[in-house]
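Listed below, chain by chain, are the residues.
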Amino acid sequence: MDNALKLFYYQFHTEQHYFYCHDILEEAWKENPTFSKNDPVVSLILFATGCYHYRRHNYIGAKRSFQRAYKVIAQAASSQYLGLNINYYQKLIVQMISNIEQQKAFEPIQLPITETMEQQILQDYPNYILTPYVIDDEYIVHHHIKRDRSEVIQARQEAIQNNNRLSK
């Protein structure tokens, strides 16, 4: 999970690739044999999802994701491994919900990572920075539409074909 978190924070702050951030942590989370929807890392997955929606002006989806992110982190028993100041993180989530309700323009978000986490990220990603402007690259902003989905489409077609064979 440590490597996934470092990559998540790099992608979140430097590249603002929120969809990829979601994928990074979701994959790491699911690799844990005892994963639960109440794990604190789920809050970060939902937070990245909220940012993805917010930047794309999907205020309803963004608000819902941030509300769920808050609920998960507020109920988490232990979240120190995230490398975040949890109190500031919770305040940030509340601020994001407020920004959406006021339909404020999306701005880059700085997660309140600990100094230790920042040093760990810099060891693996020396070009790690907090990008001060909103990245508007179409591939990143609209990733769920622009990404290569050929494997998913092929798997679905194969499943349909298998189901058709079984039902005959």
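Undergrad: Looking at this model, I keep getting lost on the side chain of Q11. Mind explaining?
TA: Among the structural elements, Q11 can be located in helix α1 (residues 2-15). Among the residues examined, Q11 registers a relative accessible area of 10% and is labelled buried. Those residues in contact with Q11 that lie beyond four places of it in its chain are Q16, H17, Y20, C21 and I24.

Undergrad: Any chance you could explain the pattern of salt bridges here in plain terms?
TA: Here the idea is simple: oppositely charged side chains can pair when their charged atoms come close. One pass over the structure, following the stated rule, counts two salt bridges. With a closest N to O distance of 2.9 Å, K6 and D124 form a salt bridge. Of this pair, K6 sits in helix α1 while D124 sits in helix α6 (residues 115-124), placing them 118 residues apart in sequence. With a relative accessible area of 12%, K6 lands in the buried category. Among the salt bridges present, the one from E101 reaches K63, with a minimum N-O distance of 3.0 Å. In this pair, E101 is assigned in helix α5 (residues 86-101) and K63 in helix α4 (residues 59-75), connecting sequence segments 38 residues apart.

Undergrad: Explanation requested: the state of the cysteines in the structure shown.
TA: Put plainly, a disulfide is one covalent bond tying together the sulfur atoms of two cysteines. Across all of its chains, the model carries zero disulfides by this definition. Free cysteine C51: the closest other cysteine sulfur is in C21, separated by 8.6 Å.

Undergrad: I would appreciate a short explanation of the confidence of the model for the chain in the present structure.
TA: On average, residues of the chain carry a pLDDT of 85, and 80% of them reach 70 or more. Within the model, the stretch residues 146-150 combines pLDDT values under 50 with six contacts to residues more than four positions away or in other chains.

Undergrad: What's the story with unusual backbone geometry in this structure? I'm lost.
TA: Excluding glycine, a negative phi dihedral is what most residues carry, and trans is how most peptide bonds are arranged. Within the chain, Q16 stands out as a residue other than glycine whose phi angle is a positive 55°. Looking at where Q16 falls in the secondary structure, it is placed in the loop between α1 and α2 (18-31). Its identity as a non-glycine residue notwithstanding, Q103 has a phi of 50°, on the positive side. You can see Q103 is positioned in the loop between α5 and α6.

Undergrad: Would you explain the packing of aromatic side chains in this entry?
TA: The relative placement of two aromatic rings is captured by the distance of their centres and the angle of their planes. All told, the structure shown has 11 aromatic pairs when counted by the stated rule. A centroid spacing of 5.4 Å and a plane angle of 75° characterise the contact between F8 and Y9, whose relative ring orientation is edge-to-face.

Undergrad: What should I look at first to understand helix α3 (residues 40-55) in this one?
TA: In an α-helix, one turn spans 3.6 residues; hence positions three or four apart end up facing the same way. The end-to-end C-alpha distance of α3 is 23 Å, a good match for the 22 Å that 16 residues give at a rise of 1.5 Å each. The buried fraction of α3 is high, at 16 of 16 residues. Of the residues one or two after α3, H57 is the one with positive phi, at around 70°.

Rules used in this analysis
- Residues numbered from 1 in each chain as written.
- Predicted model: local features only at pLDDT ≥ 70, side-chain atom pairs only at ≥ 80, totals over all residues.
- Heavy atoms only, no water.
- Helix = DSSP H or I, 4+ residues; strand = E, 2+ residues; numbered from the N terminus.
- Buried < 20%, exposed > 50% of the residue type's maximum accessible area, 1.4 Å probe, protein only.
- Contact = heavy atoms within 4.5 Å.
- Salt bridge = Lys/Arg side-chain N within 4 Å of Asp/Glu carboxyl O.
- Disulfide = S-S within 2.5 Å.
- pLDDT = per-residue confidence, 0-100.
- Phe/Tyr/Trp six-rings, centres within 6.5 Å; stacked < 30°, edge-to-face > 60°.
- Expected span 1.5 Å × (residues − 1).

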